[in-house]
Amino acid sequence: MLMELTHRCPLKCPYCSNPLALDRARDELDTATWKRVISEAAAIGTLQGHFSGGEPMVRDDLAELVGHARAEGLYTNLITSAVLLTASRMTELAQAGLDHVQISFQGADAEVADPIAGLRNAHAKKIAAAKLVREAGLALTVNAVVHRRNLHQLPAMIELAVEAGAQRIEVAHVQYYGWALKNRAALIPTRAQLDEATIIVEAARTRLNGILTIDYVVPDYYASRPKACMGGWARRFFNITPSGKMLPCHAAETLPGLRFERVTDRSVGEIWADSPAFEVYRGTAWMAPPCQGCPRAEIDWGGCRCQALALTGDAAATDPACGLSPNHALMAALAVAESTAAIDDFAYRMIS
Amino acid sequence: MLSRHVRFRFDEARDCHVLLAPERVIMPDPIAVAILERCDGVASVGSIADDLAAHYAAPRAAVLADCLEMLNDLAAKGMIAS
């Protein structure tokens, strides 16, 4: 379960996974409702609770919610920009039983990172916060989102993770939904940049075996098979938005014609079990050829519905990341055209 | 012993043990569960193998090989702290 506690955030990253239409503070679920949601999720067998946003640390009740999730048996993970992390809040979160912290880094130094985050001094605050996490004895993952403006710093970002005492780094190429889709031309790397990044990651994995785990997410615009988005629609993941909508993936609101139920109207277990928006792409029955009957249908589950919609206009189409999709060539052509054009300015994330 | 960020517990909903780590859920088989239940931060791999070999009346060399294989795999994933 991914809990987007809020859409408020001091950063303005142009690839933010939040929707373009952001929830306002006054529409956020209250503490009691979040606690009920956590209990209901635990009751249906949810194993992990990821506290995210926006910036989850803008919520004063974060430690209370972490403590509740921990008491319900969930593995608790904080996904944060860390610019608001102070020593006292770190102590409070550690005492609440937080298992793990993920800090996003936008580059390897302030000169590259701060203009991407759209916040001065953000990078220095993150370095200081990483130290607080390690001093509190908690495990740390560095989230490094990479794209054409910072890929040249990938080796330095991996070093930063080692020096920060992280056990794990996620090197994630931007996935093009929401704000990232809007900024795709400013972010998408060339094929040569991608190949170089993959070589760097492979070499670092060998060199840092047992020291740093490297998880690597490739941009599927250059792929020949789609990713199993969310591990398959409504199979193992759900997201709760700040205002309480329950979604099978965090970009699902881009899909037209689906009505997402609210946890204030029905329980997490009921929505998970039979909400039409969860049922519509669950399993394989909804698939058309070439997915229907494909031996990989239960491996990649047809790829990503939001990407299929964004690039083909049909949410039930085969993800064009798949080489068997009739739209595959179009996707590759888009990537080549945009990645080799002059770099666009960013449209920074903001509440409109 | 298990790394601080890894949790090992029984899950009622699935009726099996689970190992929980960032972005990872592992469902260990019964042999792995027996090994993990003995990883208390004190017992050596050798003494875990002794205990398991006696408990299951199995050849110690094979048990030790199983233990090493599983623990090395978890160590490579950063899930075991020595």
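Calculation notes
Residues numbered from 1 in each chain as written. Chains lettered and ligands numbered in written order. Predicted model: local features only at pLDDT ≥ 70, side-chain atom pairs only at ≥ 80, totals over all residues. Heavy atoms only, no water. Helix = DSSP H or I, 4+ residues; strand = E, 2+ residues; numbered from the N terminus. Rg over C-alpha atoms; globule rule 2.2 N^0.38 Å. Buried < 20%, exposed > 50% of the residue type's maximum accessible area, 1.4 Å probe, protein only. Contact = heavy atoms within 4.5 Å. Areas by Shrake-Rupley, 256 points an atom, 1.4 Å probe, with all protein chains shown as cover. Lys, Arg positive; Asp, Glu negative; His and termini not counted. Charge placed at Lys NZ, Arg CZ, Asp CG, Glu CD. Buried area = accessible area lost by both parts, 1.4 Å probe. Salt bridge = Lys/Arg side-chain N within 4 Å of Asp/Glu carboxyl O. Pairing = 2+ DSSP bridges. Axes fitted to C-alpha atoms, helices over the stretch in contact; angles between N-to-C directions. pLDDT = per-residue confidence, 0-100.

Draft legend 1. Spotlight on the overall build of chain A. Across its full length, chain A holds 14 helices and nine strands. Computed over the C-alpha atoms, the radius of gyration of chain A is 20 Å, within 12% of the 20 Å expected from 2.2 N^0.38 for a compact globule of 352 residues. Each principal axis of the C-alpha distribution contributes one length, and for chain A these read about 55 × 45 × 40 Å. Among the 352 residues that make up chain A, the fraction classed as buried is 57%. Long-range pairs, those at least 24 residues apart, make up 72% of the contacts in chain A between residues at least 6 apart in sequence. Carbon and sulfur atoms form 54% of the exposed surface of chain A, whose accessible area is close to 13800 Å². For chain A, the centre of its 34 positive side-chain charges and the centre of its 38 negative side-chain charges are spaced 1 Å apart.

Draft legend 2. The interface of chain B and chain A, seen in detail. With 18 residues of chain B at the contact, the number on the chain A side is 28 residues. In total, about 1600 Å² of surface goes out of reach between chain B and chain A, with carbon and sulfur atoms giving 48% of it. The largest per-residue losses of area from chain B upon contact with chain A belong to B:Arg4, B:Arg7 and B:Glu23, which jointly make up 36% of the total buried on that side. Of the charged contacts, one joins B:Arg7 and A:Asp99 as a salt bridge, the two residues approaching to 2.7 Å between their closest N and O atoms.

Draft legend 3. Expanded view of the pattern of salt bridges. Tallying each qualifying case throughout the model produces 26 salt bridges over all chains. Through salt bridges that share partners, A:Arg8, A:Glu28, A:Arg59 and A:Asp61 make up one connected network.

Draft legend 4. Up close: the sheet that holds strand β2 (residues 16-21) of chain B. Residues and elements named next belong to chain B. The strand order across the open sheet formed by three strands is β1-β2-β3, and the pairing between neighbours is antiparallel. Of all strands in the sheet, those with a lone pairing partner are β1 (7-11) and β3 (24-26), marking the two edges. For this sheet, the mean angle separating the axes of adjacent strands, direction not counted, is 30°. Across three bridges, β2 lies against β3 in antiparallel orientation. Along β3, the bridge assignment pairs Ala21 with Arg24.

Draft legend 5. Main features of the confidence of the model for chain B. In this model, chain B carries a mean pLDDT of 90, and residues with pLDDT of at least 70 account for 99%. Overall fold confidence for the complex sits at a pTM of 0.93, while the interface term, ipTM, reaches 0.86.

Draft legend 6. Expanded view of unusual backbone geometry. Residues and elements named next belong to chain A. Backbone torsion omega between Gly53 and Gly54 reads 10°, so that peptide bond is classified as cis. With respect to the helices and strands, the residue Gly54 is situated in the loop between β2 (48-52) and α2 (62-71). The residue after Pro289, namely Pro290, is reached through a cis peptide bond having omega 5°. Position of Pro290 relative to the elements: it lies in the loop between α11 (276-279) and α12 (297-300). Located in the positive-phi region is Met230, a residue other than glycine, with phi close to 60°. Here Met230 shows up in the loop between β7 (213-217) and β8 (239-240). In the Ramachandran plot, Ala234 falls in the positive-phi region, its phi being about 55° despite a non-glycine side chain. Within the secondary structure layout, Ala234 lies in the loop between β7 and β8. Taking relative accessible area as the criterion, Ala234 reaches 3% and is therefore assigned buried.

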